[in-house]
Amino acid sequence: MNDRIVVLEVSGIEALHLAGIVGQFRDLVVDAGREDDPAVARLLPDAYPDDEDASREFRRLTGGDMLDRRAEDARTVLDTLAMDGGDLDPASDPDTTITVALGETEARAWMRTLSAVRLVLATRLGIQDDDEHRPGDARFGIYDWIGYRLDGLVTALDRNLDDPSTGR
C-alpha cells in the first residue's frame, strides 16, 4: 500500500511564501502565552457558548495543548516543504516546481494548519462571516490563496480516501 496519498505541486515562490506564513503562524501560537491576541483566541473553541466562565476554564485547561498541537502541525508543514531553514532560493529560479508528497497524517496536519492560518487572517482582516469578505480587494489575496490551497487539499484527500484502489 502506498502511504503517500496526496501529491501537491507548488511553485518555488509559492512555497517560499507559504513557508513564511506558516512560520509566522507557528511563532504566533508558540508565543501565545505572552499576549492576549484575538486571533489566537479564535483558534481555541468556545466549549460552552452559554457559560463564559466555563468556556474560560476549558480554554485555560486545554488551550496550551491545543496550541502545542497547532505548532506541531505547522512544523509538519514546514518539514514537508523542506523549507524551515529557508533552503529554497526562488530568486535563482522563481518558476521552480516543488513536489510535496503527503501521507494521510501529514495531509491532515496541512489541512488543520491552513484552516488555522485562515482563521488568524480572518481575525486580522475583520472577517466574521462571508458578507465581510470582499473578493477582489487585494487585502484578501493571501486569505483567498490559502483557501484555494486548502480546498484543493481537502478535495484531493477526500478523493484518495474514497478511492478503493488506494487500499483505504
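Source: prediction; values computed, not measured.

1. Details of the side chain of threonine 113
Structurally, threonine 113 is set in helix α4 (residues 104-125). Under the relative-accessibility criterion, threonine 113 is labelled buried at 1%. Of note is the side chain of threonine 113, whose polar atom sits 3.5 Å from the backbone oxygen of aspartate 73.

2. Comments concerning the layout of surface pockets
In this structure, the largest pocket occupies an estimated 180 Å³ of space. Taken together, Ile21, Gln24, Phe25, Leu28, Val117, Val120, Leu121, Arg124 and Ile142 form the lining of the largest pocket. Residue assignment for the lining of the largest pocket shows that the elements contributing at least two residues are α1 (12-30) and α4. Its residues assigned to classes, the lining of the largest pocket shows seven nonpolar, one polar and one charged.

3. As for the packing of aromatic side chains
One pass over the full model with this rule turns up one aromatic pair. Ring centres 6.3 Å apart and planes at 85° place the aromatic pair tyrosine 48 and phenylalanine 58 in the edge-to-face group. With tyrosine 48 in the loop between α2 (38-43) and α3 (52-81) and phenylalanine 58 in helix α3, this pair connects stretches of sequence that are 10 residues apart. For tyrosine 48, a relative accessible area of 42% puts it in the partly exposed group. The side chain of arginine 118 reaches across the aromatic face of tyrosine 143, ending 3.9 Å from its centre.

4. Focus on the packing of α1 against α3
Packing of α1 against α3 leaves a shortest axis separation of 9 Å and a crossing angle of 160°. It follows from the interaxial angle that α1 and α3 lie roughly antiparallel. In terms of crossing hand, the pair formed by α1 and α3 is left-handed. Contacts between α1 and α3 involve Ala15, Leu18, Ala19, Val22, Gly23, Phe25, Arg26, Val29 and Val30 from the former and Leu67, Arg70, Ala71, Ala74, Arg75, Val77, Leu78 and Leu81 from the latter. Residue composition of the contact of α1 with α3, by class: 13 nonpolar, one polar and three charged.

Reading the values: the criteria
- Residues numbered from 1 in each chain as written.
- Predicted model: local features only at pLDDT ≥ 70, side-chain atom pairs only at ≥ 80, totals over all residues.
- Heavy atoms only, no water.
- Helix = DSSP H or I, 4+ residues; strand = E, 2+ residues; numbered from the N terminus.
- Buried < 20%, exposed > 50% of the residue type's maximum accessible area, 1.4 Å probe, protein only.
- Polar contact = N/O pair within 3.5 Å; in protein donor to acceptor, adjacent residues only side chain to side chain.
- 1 Å grid on protein atoms, 1.4 Å probe; cavity = no way out; pocket = protein on both sides within 12 Å on 5 of 7 lines; lining within 4 Å.
- Points joined across faces, edges and corners; volume = space filled by probe spheres on them.
- Nonpolar A, V, L, I, M, F, W, Y, C, P; charged D, E, K, R; others polar.
- Phe/Tyr/Trp six-rings, centres within 6.5 Å; stacked < 30°, edge-to-face > 60°.
- Lys NZ or Arg CZ within 6 Å of the ring centre and 35° of its normal.
- Axes fitted to C-alpha atoms, helices over the stretch in contact; angles between N-to-C directions.
- Parallel < 35°, antiparallel > 145°, perpendicular 65-115°, else oblique.
- Left-handed = near helix turned anticlockwise from the far one by under 90°.
- Contact = heavy atoms within 4.5 Å.

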